[in-house]
Amino acid sequence: MAPAKRELTFLLADPERRLLRAVAARLPAVVTPDHLTALGVLGALGVGAAYALSRVSAGWLWAGSACLVVQWLGDSLDGTLARVRGTERPRYGYYVDHVVDAFSTAVIGVGVALSPYVSPCVALGLVIVYLSLSINVYLESNVFGVFRLAYGPLGPTEIRIMLIAANGVLAVLAPGPTLYLVANATLVLLGIGMVATLVARVAQNLSRLAREEPYVTTPHTSHLAATRRLGISASA
């Protein structure tokens, strides 16, 4: 099966693509896409650990933001490096990339749940919704042959930037009941918006698939239905 066509529509897609290609072209030959994938995993582990350690000190949130940059670099640059060098392995890369994405999402979600700012239930709910959005992207890639990484103008890069901005705000504010309530209410509203986006996209996909593959009753199907209504065995 041919690899799905990549369709990147999020706000920072073009400048990010140019930056990543420029960086990839300058990396030494000893660096491989697998090395960058491993770097992304380490970055995600660092983010999760920093969120958990923010219980000790809010200063860890700055470390979490730095690790988000590392995670972005590894996650975004591995495929770019393979394309720049002409060493792509489409099925291998697709599988590894999305297994790593799921792992990274779970690790970061656990870290957020262990922080003093977010309820574990809210964090778990966001992880579930985010993974559901990701699964829908993978299904679309297989069904339509187009890999649409973003939902509207927002993609993984924009989400990382929002997390870094939120980390900066939380780092300068003292944890307390009011901040806890505001943070959780904000994330609940975000989660509701994500669910609405997913439902709308699934409905759009089902409508398109219904048009492209309308239900057609074949003569054989009609004959079987008629014989069943008359109580006649199909083998008679």
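Residues numbered from 1 in each chain as written. Predicted model: local features only at pLDDT ≥ 70, side-chain atom pairs only at ≥ 80, totals over all residues. Heavy atoms only, no water.

Enquirer: Just to check I follow, could you spell out the overall build of the protein chain for this structure?
Expert: What the protein chain contains, in helices and strands, is eight helices and two strands. Across the protein chain, helices and strands are ordered from the amino to the carboxyl terminus as β-α-α-α-α-α-β-α-α-α. Counting every position in the protein chain, which comprises 236 residues, the buried fraction comes to 35%. Taking as baseline every contact in the protein chain between residues at least 6 positions apart, the subset at least 24 positions apart corresponds to 82%. In the structure as shown, the protein chain presents an accessible area of about 13,900 Å², 70% of it carried by carbon and sulfur atoms. (Helix = DSSP H or I, 4+ residues; strand = E, 2+ residues; numbered from the N terminus. Buried < 20%, exposed > 50% of the residue type's maximum accessible area, 1.4 Å probe, protein only. Contact = heavy atoms within 4.5 Å. Areas by Shrake-Rupley, 256 points an atom, 1.4 Å probe, with all protein chains shown as cover.)

Enquirer: Please explain the nonpolar core as it appears in this structure.
Expert: When a protein is soluble and globular, its nonpolar side chains tend to lie buried together. Counting residues in each nonpolar core, the largest one holds 16 residues, and the members touching the most others are Val47, Tyr51, Leu61, Val112, Tyr117 and Val118. Broken down by secondary-structure element, the contributors of at least two residues to this core are helix H2 (33-53), helix H3 (60-85), helix H4 (90-114), helix H5 (120-144) and helix H6 (156-172). If we ignore the near neighbours within four places in the chain, the residues touching Val47 are Gly64, Cys67, Leu68 and Ile108. Ranked by size, the runner-up nonpolar core spans eight residues in total, among them Leu133, Val137, Phe147 and Leu198. (Core = buried A, V, L, I, M, F, W, Y, C linked by side-chain atoms within 4.5 Å.)

Enquirer: I'm lost on the packing of aromatic side chains in this one. Help?
Expert: The relative placement of two aromatic rings is captured by the distance of their centres and the angle of their planes. Per the stated rule, a full pass over the model turns up one aromatic pair. Geometrically, the ring pair formed by Tyr94 and Tyr138 is edge-to-face, given 6.4 Å between the ring centres and 75 degrees between the ring planes. One end of the pair, Tyr94, is in helix H4; the other, Tyr138, is in helix H5, with 44 residues separating them in the sequence. Tyr94 sits in the partly exposed class, given a relative accessible area of 34%. Since its relative accessible area comes to 21%, Tyr138 is described here as partly exposed. Stacked on the ring of Tyr92, the Lys or Arg Arg89 has its end atom at 3.8 Å from the ring centre. (Phe/Tyr/Trp six-rings, centres within 6.5 Å; stacked < 30°, edge-to-face > 60°. Lys NZ or Arg CZ within 6 Å of the ring centre and 35° of its normal.)

Enquirer: In this structure, what is going on with H3? I would like to understand it.
Expert: For an α-helix the count is 3.6 residues per turn, leaving residues at separations of three or four pointing the same way. For H3, with 26 residues, the first-to-last C-alpha span of 37 Å sits near the 38 Å given by 1.5 Å per residue. The sharpest bend along H3 comes to roughly 35 degrees, located at Leu77. Two residues or fewer after H3 comes Gly86, characterised by a positive phi angle close to 70 degrees. (Expected span 1.5 Å × (residues − 1). Bend = angle between axes of the 7 residues up to and from the residue.)

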